[in-house]
Amino acid sequence: MSLIFAAITPHPPIIMPSIGKENAEKIKKTALALRKVEEELYLSKPQLIIIISPHGSYFDDAFSVNAETDFISNFEEFGDMNTKLAWKGSPNFAAQLAHDANLAKIDLRLVNDRKIDHGCSIPLSLLTGHLPDVKILPIGYSGQNARAHLDFGVLIKERIMESDKRVAIIASGDLSHCLNNEAPAGFNPGGEKFDKSVIELLENRNVAGLSNLDGKLVGSASECAYRSILVLLGALKSVNYTFKNYSYEAPFGVGYLTGNFVL
């Protein structure tokens, strides 16, 4: 039917009060931005959410699509032993996408993992509370180059246009992990430059600039969002949109960007 919603979200487990506790207050700006994204997603009435995560199945030479029928998540690895969530999958859409990829000679592997990773489950837990019937399709990016990720995004858009669903796409990922000395990857001055470049290029709809970012700069950032964003931008090819930066902050040395592509 149509692509009706697109957004970028971070996935810090600490944003969940059951995990972050008192530290969750330190990323209140991101929490408020995600609440705004949730409201807009709800109003768009999606039937399917495609979510691109860095932390699911990963292959150097192929993209991945999770074709499970039912998904579950928990947050035990982050100390929350009680929260358990569930979503319905879309195996038919996954199979159709795999068929399209085969025809287009794009390397794609179907996987079946019932438990989804936190790159999917954190955003979905915050965005789908009022969408009990929505289906999800987790997708993993690959080790291939920027052009391949854009092309994969185009393929996803073409499949969306052929489907009878109202589809939303969410690019899950955190920007630089090296913005101060306490950051997970330590400090690297390239991190701040990377984050500023990505945000500026998104706001200016400069897809060519994003896809041609210097590889050394990307590597210096120790990020996990870049390729998720590229897939999303491929899906937005020829779509008239305005990128709205709702929030960017880095209280723990990791860049958290939340934004909506107003279609």
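Whatever comes next refers back to the structure up there.
Everything in this summary refers to the structure shown in the same document. In this text the structure is predicted, and so the values were computed from the model without any measurement.

Reported here for the largest pocket is a volume of approximately 230 Å³. Ile15, Pro17, Ala24, Glu25, Lys28, Ala31, Leu32, Leu34, Arg35, Glu38 and Leu126 are the residues that line the largest pocket. Of all the elements, helix α2 (residues 28–44) adds the most residues to the lining of the largest pocket, at 6 residues. In terms of residue class, the lining of the largest pocket is made up of 7 nonpolar, no polar and 4 charged. A volume near 180 Å³ is recorded for the second largest pocket.

Below, the discussion takes up the pattern of salt bridges. Two side chains of opposite charge can pair, provided their charged atoms sit close to one another. The tally for this structure, following the rule as stated, stands at 7 salt bridges. Here Lys88 ties to Asp70 by a salt bridge, and the two come within 2.8 Å at their closest N and O atoms. Of this pair, Lys88 sits in strand β5 (residues 80–88) while Asp70 is found in strand β4 (residues 70–75), placing the two residues 18 residues apart along the sequence. On the basis of relative accessibility, which here comes to 48%, the residue Lys88 falls in the partly exposed class. The shortest N-O distance in the salt bridge between Asp100 and Arg159 comes to 2.8 Å. Residue Asp100 is found in helix α3 (residues 91–104), and its partner Arg159 is found in helix α5 (residues 146–162); the two are separated by 59 residues along the sequence. Per residue, the accessibility class of Asp100 equals that of Arg159, and both read buried.

A few words on helix α6 (residues 190–203). Counting along an α-helix, one turn takes 3.6 residues, and residues three or four places apart therefore face a common direction. The end-to-end C-alpha distance of α6 is 20 Å, a good match for the 20 Å that 14 residues give at a rise of 1.5 Å each. Those residues of α6 not exposed but buried are Gly190, Gly191, Phe194, Asp195, Ser197, Val198, Ile199, Leu201 and Leu202. Arg205 lies just past α6 and shows a positive phi near 55 degrees.

This part is about unusual backbone geometry. Of note in this structure, Arg205 is not a glycine but carries a positive phi near 55 degrees. When you line up the elements, Arg205 lands in the loop between α6 and α7 (207–211). Notably, Ser222 is not glycine yet its phi reads approximately 50 degrees, a positive angle.

Further remarks concern the state of the cysteines. Applying the stated criterion across every chain yields a total of 0 disulfides. In this structure Cys120 is not part of a disulfide, and its nearest cysteine sulfur, from Cys224, lies 12 Å away. Given a relative accessible area of 1%, Cys120 falls into the buried group.

Scoring rules and cut-offs
Every chain's residues receive numbers from 1 upward, in the order its sequence appears when written. Under the rules for a predicted model, residues below a pLDDT of 70 receive no local features and side-chain atom pairs below 80 are neither given nor counted, while totals for whole chains, interfaces and linings still include all residues. Neither water nor hydrogens contribute to the side-chain values; these are computed over all heavy atoms in the structure. Cavities and pockets are found on a 1 Å grid laid over the protein atoms alone: a cavity is a set of points where a 1.4 Å probe fits but cannot escape, a pocket is an open set with protein on both sides within 12 Å along at least five of seven lines, and a lining residue has an atom within 4 Å of such a point. Grid points are joined across faces, edges and corners, and a volume is the space filled by probe spheres set on the points. Labels follow the DSSP assignment, with helices taken as runs of H or I lasting at least four residues and strands as runs of E lasting at least two, numbered in each case from the N terminus. Polar here means any residue outside two lists: the nonpolar Ala, Val, Leu, Ile, Met, Phe, Trp, Tyr, Cys and Pro, and the charged Asp, Glu, Lys and Arg; Gly therefore counts as polar. Between Lys or Arg on one side and Asp or Glu on the other, a salt bridge is scored when a side-chain nitrogen of the former is within 4 Å of a carboxyl oxygen of the latter. Each residue is placed in one exposure class: buried if its accessible area under a 1.4 Å probe, protein chains only, is under 20% of its type's maximum, exposed if it is over 50%, and partly exposed if it falls in between. A helix is expected to reach a length of 1.5 Å times the quantity of its residues less one. When two cysteine sulfur atoms lie within 2.5 Å, the pair is treated as a disulfide.

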